[in-house]
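Breakdown of the fold
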Amino acid sequence: MASYHCIVILTGAGLSAESGLGTFRDEGGIWTKYDLADIATPEGFARNPALVQDFYNARRMQAAEALPNAAHLALARLESEHAGTVLTVTQNVDCLHEAAGTSELIHMHGELFKAWCPACDWRDAWRSDITPQTPCPACGKTGSLRPDVVWFGEMPYRMDEIYSTLGACDLFISIGTSGSVYPAAGFVVEAARARARTIELNLEPSEGASLFDDARHGPATKVVPAFIDQLLDEKTP
Ligand code: OAD
């Protein structure tokens, strides 16, 4: 493998698109059908908790049926075969990286298959529907339990660890993300500041495309395995 000591991979909804999970901003994407302010903000949840829970219940059910695709599998292979550090940071709330075998993983926008009770800070694995009547298993309060996902206006998870690894990385790979949501959209700048090589693998040039050293455009199931194969072959891809 080319002499990279520390690789950071950022993934977004485009990675799971070919596993049958919808993206947000493409034609027909989730935010073309729903108003983001109603579904993915604390204020939207306070206004209409049943609407928000129904949305995430449907997404949880859909994600439970999805299987990792060739791109998830290639990324897991990179982690297992690369001698140095590989940290995968995902904006996705599905569990397809884990299903593919990736273990050094940060879900910066949380996880569909976890629930959180802000009233008592209980947080654990959760696979069934949540309704406004579902009691928190720890404190018994109703109306508090929510999917453990990060909404707009809330702080993404484990940012200190992410920034510290970005500051030490020598290769940054961004996959299947539109580059329109911060702080993730700014990771390429942090990596470049650390003098890392930066590359975008996406269906089309993202909003931040000009910030990257290099790009491969096409569906993730094609471009990701090809790029990882080259990387593991010790060629300069
Ligand atoms: P977007 O829907 O904004 O962007 C998806 C990107 O994936 C686009 O640039 C597409 O061109 C690309 N894409 C689509 N299909 C692809 C494929 N088969 N292979 C490769 N690329 C493909 O999704 P994200 O960037 O992940 O946050 O969105 C970021 C955040 O905004 C999400 O985590 C979510 C959303 O609102 C919250 O809900 C907090």
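Computed from a predicted model, the values in this text were never measured in an experiment. (Residues numbered from 1 in each chain as written. Predicted model: local features only at pLDDT ≥ 70, side-chain atom pairs only at ≥ 80, totals over all residues. Heavy atoms only, no water.)

**Let's talk about the nonpolar core**
- Grouped together as the largest cluster of nonpolar side chains are 21 residues, with contacts concentrated most on Ile 173, Val 224 and Ile 228.
- Every element with two or more residues in this core is listed here: β1 (6-11), α6 (70-81), β7 (171-175), β8 (197-202) and α10 (220-232).
- Here this core takes seven residues from α10, the largest share from any one element.
- Once residues within four sequence positions are removed from consideration, Ile 228 is found in contact with Ala 74, Leu 75 and Leu 78. (Core = buried A, V, L, I, M, F, W, Y, C linked by side-chain atoms within 4.5 Å. Buried < 20%, exposed > 50% of the residue type's maximum accessible area, 1.4 Å probe, protein only. Helix = DSSP H or I, 4+ residues; strand = E, 2+ residues; numbered from the N terminus. Contact = heavy atoms within 4.5 Å.)

**A look at unusual backbone geometry**
- Following Tyr 182, the chain continues to Pro 183 via a peptide bond in cis, the omega torsion being 10°.
- Mapped onto the secondary structure, Pro 183 falls in the loop between β7 and α9 (187-193).
- One non-glycine residue, Asp 121, lies in positive phi territory at about 65°.
- Summarising the element assignment, Asp 121 is placed in the loop between β4 (110-117) and β5 (122-125).
- One non-glycine residue, Arg 195, lies in the positive phi region at around 65°.
- Take Arg 195: it is sitting in the loop between α9 and β8.
- The exposed category is assigned to Arg 195, whose relative accessible area is 77%.

**Regarding the side chain of Glu 200**
- Looking at where Glu 200 falls in the secondary structure, it is placed in strand β8.
- For the buried Glu 200, no salt bridge is present, and the opposite-charge side chain at shortest range is Arg 216, 11 Å distant.
- Side-chain polar atoms of Glu 200 contact the side chain of Ser 206, separated by 2.5 Å.
- Among residues more than four places away in sequence, those in contact with Glu 200 are Ser 174, Pro 205, Ser 206, Ala 209, Phe 212, Asp 214, Ala 215, Arg 216 and His 217. (Lys, Arg positive; Asp, Glu negative; His and termini not counted. Salt bridge = Lys/Arg side-chain N within 4 Å of Asp/Glu carboxyl O. Polar contact = N/O pair within 3.5 Å; in protein donor to acceptor, adjacent residues only side chain to side chain.)

**A look at helix α5 (residues 49-65)**
- Compared with the 24 Å implied by 1.5 Å per residue over 17 residues, the 25 Å span of α5 between its first and last C-alpha is a close match.
- Taken together, the buried residues of α5 touch α2 (30-33), α3 (36-39), α4 (42-47), β4 and β6 (146-149). (Expected span 1.5 Å × (residues − 1).)

**Concerning the domain arrangement of the chain**
- According to the domain assignment, the chain consists of domain 1 (1-20 + 68-109 + 156-237) and domain 2 (22-65 + 115-149).
- Here the C-alpha centroids of domain 1 and domain 2 sit 26 Å apart.
- Contacts between domain 1 and domain 2 engage 12 residues on the former and 11 residues on the latter.
- For the domain 1 and domain 2 pair, buried surface summed over both sides reaches about 800 Å², with 56% attributable to carbon and sulfur atoms.
- For the domain 1 face of the interface with domain 2, the top three residues by lost area are Ala 13, Val 93 and Tyr 157, together amounting to 44%.
- Counting across the domain 1 and domain 2 interface gives zero salt bridges.
- Joining domain 1 to domain 2, the criterion identifies four residue pairs in polar contact (both at pLDDT 80 or more).
- Residue composition of the side of domain 1 that touches domain 2, grouped by class: five nonpolar, five polar and two charged. (Domains from an automatic or database assignment. Buried area = accessible area lost by both parts, 1.4 Å probe. Nonpolar A, V, L, I, M, F, W, Y, C, P; charged D, E, K, R; others polar.)

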